[in-house]
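Working through the structure, step by step
Take a look at the letters that make up each chain.
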Amino acid sequence: VGCGGFKRLNSASACIKRMWVDEAWRGKGIGRHLLTLLENQAKDLGYSVVKLETNRLLHEAIQLYRSQGYQEVSPFVDTCGEIVGMLKLLGTKSRSAGQGYQTSPQQRAFCSLEELA
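First things first, this report covers the structure right here in the doc. (Residues numbered from 1 in each chain as written. Predicted model: local features only at pLDDT ≥ 70, side-chain atom pairs only at ≥ 80, totals over all residues. Heavy atoms only, no water.)

Considering the nonpolar core
The test is simple: Grouping buried Ala, Val, Leu, Ile, Met, Phe, Trp, Tyr and Cys residues that are joined through side-chain atoms within 4.5 Å yields what is termed a nonpolar core. Exposure classes here rest on a 1.4 Å probe applied to the protein chains alone. A residue is buried below 20% of its type maximum, exposed above 50%, and partly exposed in between. Here a helix means four or more residues in a row that DSSP labels H or I, a strand means two or more in a row labelled E, and each is numbered from the N terminus. Contact definition: two residues touch when any of their heavy atoms are within 4.5 Å.
Ranked by internal contacts, the top residues of the largest apolar core, which has 19 residues, are Phe6, Ile16, Val50, Tyr65, Tyr70 and Met86. The set of elements that each furnish at least two residues to this core consists of β2 (13-21), α1 (30-44), β3 (49-55), α2 (59-67) and β5 (83-89). Apart from residues lying up to four places away in sequence, Val50 is in contact with Ala14, Ile16, Ala42, Tyr70, Met86, Leu87, Lys88 and Leu90.

So this is what it looks like as structure tokens:
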């Protein structure tokens with residue numbers, strides 16, 4: 001149905017990577033739900049900032065990220081204008097870093113939405 005992950009950038013920041021929803025499941029709110037799950041897990045692990053990059057041509061993805069509070073920033077790598085960098089402040093963490101999870105901030109944490117299938 002969909003997948004996504006994030007990786008540690010530094011002690012305060014994580015980068016959302018590989019967020020994707022199968023075409024047959026798009027438009028059902030799964031991308032928004034997946035993004036919220038990733039943000040909540042990053043926040044629970046102690047991150048206060050999440051960043052991501054997406055292709056400038058993925059208008060639906062950019063619209064989703066903006067609707068969830070992401071601000072456009074410079075891409076992290078010079079890509080000749082093909083990539084949009086985005087950033088969101090997560091605010092106060094809800095519990096101490098790593099509590100309740102088997103993964104460390106150095107590991108990638110993946111969420112799966114197979115239960116929605």
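What follows continues from the structure just given.
Quick look at the packing of α1 against α2
Our working rule: Helix axes are fitted only over the stretch in contact, all axes being lines through C-alpha atoms; the angle between N-to-C directions runs from 0 to 180 degrees. Here is the rule for angles: anything less than 35 degrees is roughly parallel, anything more than 145 is roughly antiparallel, 65 through 115 is roughly perpendicular, and the remaining ranges are oblique. Note: crossing handedness is left-handed where the near helix turns anticlockwise from the far helix by less than a right angle, and right-handed where it turns clockwise. All residues other than Ala, Val, Leu, Ile, Met, Phe, Trp, Tyr, Cys, Pro, Asp, Glu, Lys and Arg, Gly among them, are scored as polar; the first ten of these are nonpolar and the last four charged.
Packing of α1 against α2 leaves a shortest axis separation of 11 Å and a crossing angle of 50°. When the axes of α1 and α2 are compared, the pair comes out oblique. The interaxial crossing formed by α1 with α2 has right-handed handedness. Across the interface between the two elements, Gly31, Arg32 and Leu35 from α1 touch Leu64, Tyr65 and Ser67 from α2. Among the residues making up the contact of α1 with α2, the classes are represented as three nonpolar, two polar and one charged.

These values are about where atoms sit, not about what they do.
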